[in-house]
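A structural walkthrough
What follows is the residue order along each chain.
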Amino acid sequence: MVNIAEALDNIRLLDALGEEKSTVHALHPLAKLFVTLVFLIIVISFSKHEISALLPMVLFPTIIITLADLPVLPLMKRVLIVLPLVIGIGIFNPLLDHRPMVSLGAITLSYGWISFISIMIKCLLTVITSLILIATTGMTNIALALRKLKVPKIFVLQLLLTYRYITVLMEEVILTTTAYALRSSGIKGIHFKHWGSLLGQLLIRTIDRAQRVYTSMCCRGFDGNYNTGTMPTLVAKDYIFMLFWTLFFIITRSFNLPMLLGTILTGVYP
Amino acid sequence: MSHYQIEANNITFIYPDGHQALKDISFTLSQRESIGIIGANGAGKSTLLLLLLGILFPNEGTISVGGLPVTKKTLPHIREKIGLAFQNPDDQLFMTTVYDDVAFGPRNYKLNEDEVEKRVVQALEIVGILHLKTRAPYKLSGGEKRAAAIASVLSMHPDILILDEPTNALDPKSRRRLINLLSTFNHPKIIATHDLDMLFNLCERTIILKDGQIMADGLTTDLLADETLMTLCNLEVPLSIQNCSTCTYKHML
Amino acid sequence: MHMADALITPIVGGTMWISTAGIATYSIKKLRLNLDEKKVPLMGVMGAFVFAAQMINFTIPGTGSSGHIGGGLLLAIILGPYAGFLTMASILTIQALFFADGGLLSLGCNIINLGFYTCFITYPYIYKRILNKGYTRLRLFTAAMIASIIGLQLGSFSVVIETLLSGKTELPFSSFLLLMQPIHLAIGIIEGLVVASVVDFIWNTKSEIIENTAINKPIGVIGFKKILIILIIITALTGGILSRFASSNPDGLEWSMFKVSGQEELEANGPLYETLSTLQTKTAFLPDYAFKNTEVDKSTSFAGLVGGFLTLLLVLSMGFILKRFKKRKKVNC
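Read on for a plain summary of the structure. Residue positions are counted from 1 within each chain, in the order its sequence is given. To label them, take the chains in the order written and letter them from A, then take the ligands in the order written and number them from 1. Where totals are concerned, whole chains, interfaces and linings use all residues; where local detail is concerned, this predicted model gives features only for residues with pLDDT of at least 70, and gives and counts side-chain atom pairs only at 80 or more. Hydrogens and water molecules were not included; the side-chain quantities draw on all heavy atoms of the structure.

Examining the interface of chain A and chain C
What counts here: Note on contacts: a residue pair qualifies if any of its non-hydrogen atoms lie within 4.5 Å across the two residues. We define buried area as the total accessible area lost by two parts upon association, computed with a 1.4 Å probe and summed across both. The salt bridge definition used is simple: a Lys or Arg side-chain nitrogen within 4 Å of an Asp or Glu carboxyl oxygen. Contacts described as polar in this section are N or O atom pairs within 3.5 Å, which, within protein, must combine one atom able to donate a hydrogen with one able to accept it, while residues neighboring in sequence count only if both atoms come from side chains. Strands are runs of DSSP state E lasting at least two residues, helices are runs of H or I lasting at least four, and both sets are numbered from the N terminus onward. Residue classes follow a fixed rule: Ala, Val, Leu, Ile, Met, Phe, Trp, Tyr, Cys and Pro count as nonpolar, while Asp, Glu, Lys and Arg count as charged, and any other residue, Gly among them, counts as polar.
Opposite the 115 residues of chain A that make contact, chain C presents 112 residues. Taken over both partners, the interface formed by chain A and chain C buries close to 10,500 Å², and the fraction arising from carbon and sulfur atoms is 76%. Joining chain A to chain C, the criterion identifies one salt bridge. Linking A:Lys48 and C:Glu170 is a salt bridge whose minimum nitrogen-to-oxygen distance equals 2.8 Å. In this assembly, chain A and chain C are joined by 10 residue pairs in polar contact (both at pLDDT 80 or more). When residues in the side of chain A that touches chain C are grouped by element, the largest group, 19 residues, is from helix H9 (residues 195–219) of chain A. Looking at the side of chain A that touches chain C residue by residue, the classes come out as 72 nonpolar, 31 polar and 12 charged.

This is how it looks when you write it as structure tokens:
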């Protein structure tokens, strides 16, 4: 997350997607949050040497992306940015675990490679699904779901405020660092001598802004309580959505569906 | 009960660091009146607005709003009566959607959600941005942000409107649109600004502040044309009045 | 240093989630005690500040490399530990949601790793202790430096422990430690320097910002012991319960490859097996290409490969068909 302009674009994109209208967007945020969490738990609960049994889980993001008309490339780009971190730790498995696990003709895959591939697939699935959640729900609705889950109001309000001002402050940081770069003849980043004053000025402006925001909240009757509107209730389609996917995930977790399919088709059965 | 909407008597304010921002200020605002407050940077305009809302309290003197004295106890009522639109709409639009922002005030006054919605829709319709209600504030243009900020004030159904630099950072067309919008409001208004031309359109009366004191209080047309007074207060006669003299001046050069 | 979902197990993730929730609830309670509604907008905007400031590149003189700030320590200094922790939690939540920087299930891990140690260990026990003797520039730099180095060391040590407990990596403990700790030593030094420079600047220009939290101190040592005890108890309890559940339910959470590779189900379920074999003779498109004579290992891998490939194909074509179907519907409208 180094490039600030890119980060800003990313927030804007996900925000714009969250405002779209589709069958998935219309579902209750709590239902989506629930299914996403069940999905994540099931995915990471697969053993580290499991690959084939994991694959039916791809169905969930595929269906949601299609139904919600999400653009695949920008989401995939995000995954590619996160992937190296996971590769960094996962890559040691093939290097350290050479015990052969499966062999297909001339190729023999070690336990290490299998677990590495498994981690990669899990990373792909978990990252894509988390992004899908925000892209089909939006931050405001996530906050609504959190309120419904009885997360304290103060925390929810603070979360929303942070989210609201990220774009404002990022723009301010871009302006400040650009102004700095323009006068620092090609030096990359901020020089040691100016760390304190540059970040310090920004910080003081931030605190002044917080003061003004507080004033404006007070002017409109804020008394330390955050009053949200009435929340929509879960309806039949939300329950069906939750039930269907939870069942699907549990079945996928309980039976190795691809193996069953493969066994039938290749005629190999023990 | 007084027939004045706002009554300020001899108010003096000194900041904790010792800087005296206001000195012996007295004025009244009556029903259906609009006052422009002008003055150079640091003349005390913003401080005065904060005092009217009870965000700061005067060291000396009293303020009353709609007949109620401004004290800690009466604050909830005061803030229901006065709506303040901030200089920077980004400070005012702190929620993640325009709708939630405009609804913030009414919800704090514990109105039921139907009434809240009615007020939000009405306020957004008045400022003409109902179609933007689900938009995130950072995706609005400068003019739209300003309109949303004003809607967030209107939804509280205030008796008095206070506007701090409403035309700040607006392009000419958005500025004109805003002035037209403000001229349709029947609320008594106080407008602190550097946009002197706007005052001709909106305020029949003007107060000029200099170094925390009232230098003049009178008809806008009289005060703004007074070149000696304006120069003394580090201000300038607006171009719309000085046009002819400027032309002749330039011509003579 | 943000943990990803793919590297943890539900037990580790769940335990850390519950611990985080416990500490967050306690922090909110503590904040309400000295009710200060002003703090909510300050926390919100400060969170956005740290979020944006994390993206500024600070170049290290003479090396050509650069670093970033983490923010936990700075938040604790400006907001106090309780508000600092909560603010860090919301920053990490947004990062997980919008950037997939750290996953949703590993969010608990990340909040503990980056928020807990800085706000509740190094800030009160190192930073404050050193500066309590009075402010000097030297003390400030020493305090910020030691506090952020130790904070990051604890955090990265936590990452090692959480990853190893999840058992997804083959890295032995010692090598993993050797990999993580030195990198975070370097990061800690930079962070310490940045935090100290900022605090130094503010101290000289607008000291009341920092004094406020210093005066407004609910930071009794008892409060912190309580938090530590809460954390340890919650972690031990939930971790214990969850892993017991897992071990007594081998089919529940911790399945191994061999148990689910397909053989067991097929052998165990007689009727299912029979239906499947009849189905198989009817549908198999590669009936002669069976590895009946070779090792089971190879044949099942082959079956798994074919099945996996077909599953993917099936899933993707479902998406494709759905898309076509949706488009047609749109056209009809």
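So that's the structure; there's more coming.
Topic: the nonpolar core
Where we set the bar: We define the nonpolar core as a collection of buried residues of types Ala, Val, Leu, Ile, Met, Phe, Trp, Tyr and Cys that are connected through side-chain atoms lying within 4.5 Å of one another. Classification of residues uses two cut-offs on accessible area relative to the type maximum, computed with a 1.4 Å probe and protein chains only: under 20% is buried, over 50% is exposed, and between them is partly exposed. Note that domain bounds follow an automatic or database assignment of domains.
Counting 186 residues, the largest nonpolar core has A:Met170, A:Leu199, A:Phe249, C:Phe49, C:Phe98 and C:Tyr127 as its most contacted members. Looking at which domains feed residues into this core, each of domain 1 (1–150 + 230–255) and domain 2 (152–224) of chain A gives three or more. In this view, A:Phe249 contacts A:Val35, A:Val38, A:Phe39, A:Ile42, A:Met57 and A:Phe60; residues no more than four positions away in its chain are not counted. Within the second largest apolar cluster, 45 residues are counted, among which are B:Tyr99, B:Val102, B:Val127 and B:Ala148.

Structural notes on the interface of chain A and chain B
Contacts between the two partners involve 32 residues from chain A and, on the opposite side, 32 residues from chain B. Counting each side, the surface lost to burial between chain A and chain B is near 2,700 Å², with a carbon and sulfur contribution of 54%. For chain A, the biggest contributors to the area lost against chain B are A:Arg164, A:Cys219 and A:Arg220; these three give 30% of the whole. Seen at the junction of chain A and chain B, the total is five salt bridges. Looking at the side of chain A that touches chain B, the elements that each hand over two or more residues are helix H1 (4–18), helix H8 (153–182) and H9 of chain A. For the side of chain A that touches chain B, the residue count by class is 14 nonpolar, 10 polar and eight charged.

Quick notes on the sheet that holds strand S2 (residues 20–30) of chain B
All names here are of chain B. To keep things clear, this is the line we draw: Here the rule is simple: two strands pair whenever DSSP picks up at least two bridges between them. Helix axes are fitted to C-alpha atoms over the stretch in contact, other axes to C-alpha atoms as well, and angles between N-to-C directions run from 0 to 180 degrees.
Spatial strand order, S2-S1-S4-S5: four strands in an open sheet with antiparallel pairing. Edge positions in the sheet fall to S2 and strand S5 (68–69), since each of these pairs with one other strand and no more. Across seven bridges, strand S1 (residues 4–14) lies against S2 in antiparallel orientation. Its bridge partner being in S2, Ala8 is matched across the sheet by Phe27. Lying on the sheet, helix H1 (residues 45–52) is in contact with S1, S2 and strand S4 (60–65); it crosses S2 at an angle near 60 degrees.

Examining the side chain of A:Thr246
All names here are of chain A. Summarising the element assignment, Thr246 is placed in helix H10 (residues 236–254). Within the structure, Thr246 has its side chain in polar contact with the backbone oxygen of Met242 (distance 2.5 Å). Residues in contact with Thr246, not counting those within four places in the same chain, are Phe34 and Val38.

Overview of the pairing of S4(B)
All names here are of chain B. With five bridges joining them, S1 and S4 adopt antiparallel strand pairing. Each bridged residue has a counterpart across the sheet, and for Asn9 the counterpart in S4 is Thr62. Of the strand pairs in this sheet, S4 and S5 are connected by two bridges, and their pairing is antiparallel. Bridge pairing links Val65 to Leu68 in S5.

Overview of a positive patch on the surface
Applied cut-off: Only residues above 30% relative accessible area that lack a salt bridge enter a patch, with like-charged residues linked at up to 9 Å and the nonpolar side chains Val, Leu, Ile, Met, Phe, Trp and Tyr linked at up to 5 Å. Each accessible area is a Shrake-Rupley estimate made with a 1.4 Å probe; only the visible protein chains count as cover when residues are assessed. A positive count includes Lys and Arg, and a negative count includes Asp and Glu. His and the chain ends are not counted in either. Charge positions are represented by NZ for Lys, CZ for Arg, CG for Asp and CD for Glu.
Together, C:Lys323, C:Arg324, C:Lys327 and C:Arg328 make up a region of like positive charge exposed at the surface. Looking at the secondary structure, you find C:Lys327 in helix H12 (residues 296–332).

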